[in-house]
Amino acid sequence: MLVCCWTPQRSASICAFNVSDEVKRDKRHTYYGSEPPMYFRSTDIHPFKRYWQPILSDSNGEGEIIDASTEERARMLNRFWPSKKVIAPIDSSDDDELLASRFLSRIQSKSNKNKKNGNSNTPSFFARMRNMNPLSTFMPCEATTGKEGGVCLPSPVCSFYGGRAVDGDCNMASSCCINEVEKCGALVTLNNTYWQAPAAVSSGSSCGLTVKLDENLVEQKKAICQIRLDFIAFLIEQPNEQSVCSVDSFQVAGAINKVPVICGDNDGQHMYLTLPRDATSAQLIMTFGTSTIPRFWRIKIAMLPCDSDYLAPDECLQYFTSTVGSIVTFNWKDTTSRTTRQLANQDYYMCFRTELVHRQAASAQVATTLCLSHCQVSSGLPFSISGDAEPPSSQTTGDESCSNDYIVFPGGYSFPPTIPVKQRDRFCGSILSQAEAGTLPQTICSSAKPFRLLYRTNSDETLTPATDPNPLLGNQGFCLKYEQRLS
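About the thresholds
- Residues numbered from 1 in each chain as written.
- Predicted model: local features only at pLDDT ≥ 70, side-chain atom pairs only at ≥ 80, totals over all residues.
- Heavy atoms only, no water.
- Helix = DSSP H or I, 4+ residues; strand = E, 2+ residues; numbered from the N terminus.
- Buried < 20%, exposed > 50% of the residue type's maximum accessible area, 1.4 Å probe, protein only.
- Contact = heavy atoms within 4.5 Å.
- Areas by Shrake-Rupley, 256 points an atom, 1.4 Å probe, with all protein chains shown as cover.
- Polar contact = N/O pair within 3.5 Å; in protein donor to acceptor, adjacent residues only side chain to side chain.
- Phe/Tyr/Trp six-rings, centres within 6.5 Å; stacked < 30°, edge-to-face > 60°.
- Lys NZ or Arg CZ within 6 Å of the ring centre and 35° of its normal.
- Pairing = 2+ DSSP bridges.
- Axes fitted to C-alpha atoms, helices over the stretch in contact; angles between N-to-C directions.
- Salt bridge = Lys/Arg side-chain N within 4 Å of Asp/Glu carboxyl O.
- Core = buried A, V, L, I, M, F, W, Y, C linked by side-chain atoms within 4.5 Å.

A.B. asks: Mind showing me how you'd approach the overall build of the chain here?
C.D. replies: Counting secondary structure elements, the chain contains 5 helices and 30 strands. The buried share among the 487 residues of the chain stands at 46%. Counting only contacts in the chain whose residues sit at least 6 apart along the sequence, the fraction spanning at least 24 positions is 68%. Summed over all atoms, the accessible surface of the chain reaches about 25100 Å², with 53% contributed by carbon and sulfur.

A.B. asks: Before we go on, may I ask you to explain the environment of Asp334 in this structure?
C.D. replies: In this structure, Asp334 sits in the loop between β20 (324-328) and β21 (347-352). When its relative accessible area of 29% is taken as the criterion, Asp334 is described as partly exposed. Placed 142 residues apart in sequence, Asp334 and Gln476 show a C-alpha to C-alpha distance of 9.4 Å. Beyond its immediate sequence surroundings of up to four residues, Asp334 is in contact with Val377, Ser378, Ser379 and Gly380. Polar side-chain contacts of Asp334 include one of 2.5 Å to the backbone nitrogen of Gly380.

A.B. asks: Mind showing me how you'd approach the environment of Ser203 here?
C.D. replies: Position of Ser203 among the secondary structure elements: in the loop between β12 (193-196) and β13 (206-212). As for Ser203 and Thr290, which are separated by 87 residues in sequence, their C-alpha atoms are 5.0 Å apart.

A.B. asks: What exactly am I supposed to notice about the packing of aromatic side chains here?
C.D. replies: Aromatic rings considered in pairs are described by the distance between their centres and by the relative angle of their planes. Enumeration according to the criterion identifies 15 aromatic pairs in this entry. Between the aromatic rings of Tyr348 and Tyr455, the centroid separation amounts to 5.8 Å while the plane-to-plane angle is 80°, which identifies the pairing as edge-to-face. Taken together, the positions of Tyr348 in strand β21 and Tyr455 in strand β29 (residues 452-456) put the pair 107 residues apart, joining distant regions of the chain. Among the aromatic residues, ring-to-ring pairing joins Phe330, Tyr348, Phe383, Tyr455 and Phe478 into one connected group. We note Arg485 situated over the ring of Phe415; from NZ or CZ to the ring centre the distance is 5.1 Å.

A.B. asks: Would you take a moment to explain unusual backbone geometry for this structure?
C.D. replies: The phi torsion of most residues other than glycine is negative, and most of the peptide bonds are trans. Of note, the bond from Phe415 into Pro416 is cis; its omega dihedral lies within 30 degrees of zero at 0°. With respect to the secondary-structure elements, Pro416 resides in the loop between β26 (406-415) and β27 (424-427). A positive phi angle is found at Glu315, which is not glycine, with a value near 75°. Its location among the elements puts Glu315 in the loop between β18 (296-305) and β19 (316-320). Look at Asn331: it is not a glycine, yet its phi comes out positive at around 75°. By secondary structure assignment, the location of Asn331 is in the loop between β20 and β21.

A.B. asks: I'm lost on the sheet that holds strand β15 (residues 249-253) in this one. Help?
C.D. replies: Backbone hydrogen bonds are what pair the strands of a sheet, in a parallel or an antiparallel way. Taking strand neighbours across the sheet as the criterion, the 4 strands line up as β11-β13-β17-β15 in an open arrangement whose pairing is mixed. The open sheet is flanked by β11 (186-188) and β15, the only strands paired with a single partner. Across the sheet, the axes of successive neighbouring strands diverge by a mean angle of 20°, strand direction being ignored. Bridge count for β11 against β13 is 3 bridges, and the pairing is parallel. By the bridge assignment, Val188 is partnered in β13 with Val211.

A.B. asks: Please clarify how the pattern of salt bridges should be interpreted in this entry.
C.D. replies: Applying the stated criterion across every chain, the model contains 13 salt bridges. The partner of Arg353 in a salt bridge is Glu355, with the nearest N and O atoms 2.6 Å apart. With a relative accessible area of 36%, Arg353 lands in the partly exposed category. Because the salt bridges share partners, they merge into one network encompassing Glu148, Arg164, Glu180 and Arg298.

A.B. asks: Looking at this structure, how should I read the nonpolar core?
C.D. replies: In summary, soluble globular proteins display a tendency toward joint burial of nonpolar side chains. Counting residues in hydrophobic clusters, the biggest one holds 56 residues, and the most contacted among them are Trp195, Leu229, Phe250, Met271, Ile327 and Phe478. By residue number, the principal contributor to this core is strand β14 (residues 224-235), which donates 5 residues. Cys141, Ala143, Val166 and Ile178 belong to the second largest nonpolar core, which has 8 residues in total.

Shape descriptors only; they carry no functional weight alone.
Here it is, written out as C-alpha cells:
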C-alpha cells in the first residue's frame, strides 16, 4: 500500500512504501470495522505516555502523521482541514489510564509497595522516581587532593546544603561537595559528612550528632544498612587505671552490632555500624568529664546502601579489605609511656575480606591462610593484653589461662609450624606465641574462614602498684601485622 506522509522534521511530503519502519496493527482494530487505520508506534515518546500516529487519508489519497492524543488530533484537524480530514475513532482509555496514574500504580504494586525495605517508610517506587532528577545523583567522590571525600553536586546545590565545592572526580557539571559540621546537636542527612569538634569543648558537658536515615530524602535515595565511621582525628581523655573511660567517652546508639565505648587516642581507626531494618536514625555521643586536655575529633560519616557490595559482614565492627596491613586496638599507641591504654569492656570482631594473592602473576589465587605477627615499633609494646609486661611472656597454662583479656583466632598455629602441629584459639599475655609461657614472639596463622579475630576485655585491669619503681604499669592492647597467603 502506498502511504504518503509529512513530518516537521523532514519538511516535505514523502510517498513511498516505507519498509524501514515497523508497521503494526493494534489489537483494538477488531473494534473498528473491516478497514481499520494503520499505526506507527512513535520512537520519540514520553516514558509514561503512549503516542499513536494514525495515517490520515483524504479523498485524494494524501496522508498526514500527527503525534497527539485523540482529542488533540481532532482539534488540529478541525482547525486546519475542517472539510477534508477525517480521523478514525480511537479509544484512548489506555492513554487516560496512563495519565490518571493507574499505570504507575500497577508498577508500584509489582514492586511490593507495601513492603518496607531497609529504613524505608514509604513506597519504594516514588523513591526510584527521584532518579529522574539530575540533581539527585549525589554520587560519592574524592577531592583531587586525595585527603577528603564528598558527593558530586553542582556548586549552587552544594552551597544550598552548606557544603564546600572543590575539584574532584565528578563530571564537568559538578564539583566534589565537602560537607562539614562543627557543632553539637546537628542533624546529618548527607553522605560523607565530616563531624568536627567545635571551637570550645567544656568539661562536664556532652556533644552529640544525629544521622537521619530516610530513603525518601533526595540526598539518600536508597535504604541505608550500615554507617562507616572513619576517625581522621580523635583525642579525648585517657581511661583510668582500671582501663575504664570514666572521664571522657565516645559511644554510639542505634546500631545492632556490638559497638564498645572508647576514649583516648584513636587517629586512623574506623567502625562499621550495622543498622536495624527499620532504622530512622543513629546517634554519636561524646561525653566529657573534668579534664584540662584539649579535646579534638574529626570523624567522617559514610552511609552505605543495602545494595552495596562493600558492606561489612554481620557482627563485624572493623573490616579490612587488603592483602596486607595492620590491626590496632582502640587507644593503642607507639609510646614510651606504660600507663594503661587498653580499654575495658571491649567485645568485637575484626574481620578480613578474602583477597586474591600473587596479583602480579598470571595465576592469581584466592588466599587460603591469614597470618598475624607483631608490628614493628620504636618504643611501644606490640602485644600487651594481660599479665606483666616485664619480662614479656605469652599465656601460661593452656587456653583456660586466657579468661579475662584475650583474642580469639580460630585454628591458630605457629609458622613455621612446630612438630607436632598444635592449634589453639585463645592468645593473651604480653607476647603473641603458640607456646605456653613463651618468651619469643611467633607468627600465628589460621586457615579457618571467614577470616576474623575476636578481641575481648573485661573491666578488671590488674596493675603493678604505683609505688613499684618499675614503670611498666598497665596493658597497652596490641598492634599486629596481617597478611593473606596461600597455604
